[in-house]
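One-letter residues, chain by chain:
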Amino acid sequence: EPEVTQTPSHQVTQMGQEVILRCVPISNHLYFYWYRQILGQKVEFLVSFYNNEISEKSEIFDDQFSVERPDGSNFTLKIRSTKLEDSAMYFCASSDAYSNQPQHFGDGTRLSIL
Amino acid sequence: AQSVTQPDIHITVSEGASLELRCNYSYGATPYLFWYVQSPGQGLQLLLKYFSGDTLVQGIKGFEAEFKRSQSSFNLRKPSVHWSDAAEYFCAGVTGGGNKLTFGTGTQLKVEL
């Protein structure tokens, strides 16, 4: 069964550094998402992406965050200047339709900011 | 505001016993609802989904869920739990016109042998 893959599985970064989290969505999917889960808290929506542009973003997704689909297969989340509170598990998801199809999630990248 | 609530943070059941995990939703219109499972160190795996129609939906691994509009609930059930079902379970919803999933806080299931 096709799956969403995320790399790396764990990223450790110094505060203030830039970090890029990578995702390869399911190949025929058109909608892409990033969510995050701070330890002990809910999974929270960050951003959705379709047709090479952001379709929706949460209040968490401020100017420090950006997303890109640099080629036909990858979908990236960049955090420009990381803060301690960015430490979380980041999940990528994809779906083949807007809302009436489920989102399929990757295994996540655990981001630790020191 | 749209929300999904899972009242139980932890549940412990004996292997072979039945299971019901609670989920309540608050949406202006009937949402699309999902249950996901997360095993330690793993991502979120879709168990089942409800969009419309039959209010009892079947999922993978022997799970089912029942949508009850009158109670704003979408509880997950399994008739006989296996030790491998120990994991964290998340209920999530999205409005019919959107694609932003709202998650509950999760229920951690422990299975006693």
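Notes on the structure in this doc start here. Computed from a predicted model, the values in this text were never measured in an experiment. (Residues numbered from 1 in each chain as written. Chains lettered and ligands numbered in written order. Predicted model: local features only at pLDDT ≥ 70, side-chain atom pairs only at ≥ 80, totals over all residues. Heavy atoms only, no water.)

Residue-level contacts link 20 residues of chain A with 23 residues of chain B. Applying the counting criterion to the chain A and chain B interface returns 0 salt bridges. Those elements that provide at least two residues to the side of chain A that touches chain B are β4 (31–37), β5 (43–50) and β6 (53–57) of chain A. Examining the composition of the side of chain A that touches chain B, we find that 4 residues originate from one element, β4 of chain A, more than from any other. Tallied by class, the residues present in the side of chain A that touches chain B amount to 9 nonpolar, 8 polar and 3 charged. (Contact = heavy atoms within 4.5 Å. Salt bridge = Lys/Arg side-chain N within 4 Å of Asp/Glu carboxyl O. Helix = DSSP H or I, 4+ residues; strand = E, 2+ residues; numbered from the N terminus. Nonpolar A, V, L, I, M, F, W, Y, C, P; charged D, E, K, R; others polar.)

This paragraph deals with the side chain of Ser73 of chain B. Residues and elements named next belong to chain B. Along the chain, Ser73 falls in strand β9 (residues 73–78). Looking at Ser73, the relative accessible area reads 3%, which means it is buried. Sequence-distant contacts of Ser73, defined by excluding residues within four places in its chain, comprise Cys23, Asn24, Tyr25, Glu66, Phe67 and Lys68. (Buried < 20%, exposed > 50% of the residue type's maximum accessible area, 1.4 Å probe, protein only.)

The subject of this paragraph is the packing of aromatic side chains. What the rule picks out here adds up to 22 aromatic pairs over all chains. Relative to Phe103 of chain B, the ring of Tyr35 of chain A lies with its centre 5.8 Å away and its plane at 85°, an arrangement referred to as edge-to-face. Within this pair, whereas Tyr35 of chain A is found in strand β4, its partner Phe103 of chain B is found in strand β11 (residues 102–103), the two belonging to separate chains. A residue is classified by how much of its surface remains accessible, and Tyr35 of chain A, at 0% relative accessible area, is buried. Seen from their ring centres, Phe49 of chain A and Phe75 of chain A are 5.2 Å apart, and the 40° between their planes marks the pair as tilted. With a gap of 26 residues between them, Phe49 of chain A in strand β5 and Phe75 of chain A in strand β8 (residues 75–79) connect regions that are remote in the sequence. For Phe49 of chain A, a relative accessible area of 5% corresponds to the buried category. An aromatic cluster is present here, built from Tyr33, Tyr35, Phe45, Phe91 and Phe105 of chain A together with Tyr32, Phe34, Tyr36, Phe51, Phe90 and Phe103 of chain B joined pairwise through their rings. (Phe/Tyr/Trp six-rings, centres within 6.5 Å; stacked < 30°, edge-to-face > 60°.)

Interpretation note: all reported values are geometric properties and have no functional meaning in isolation.
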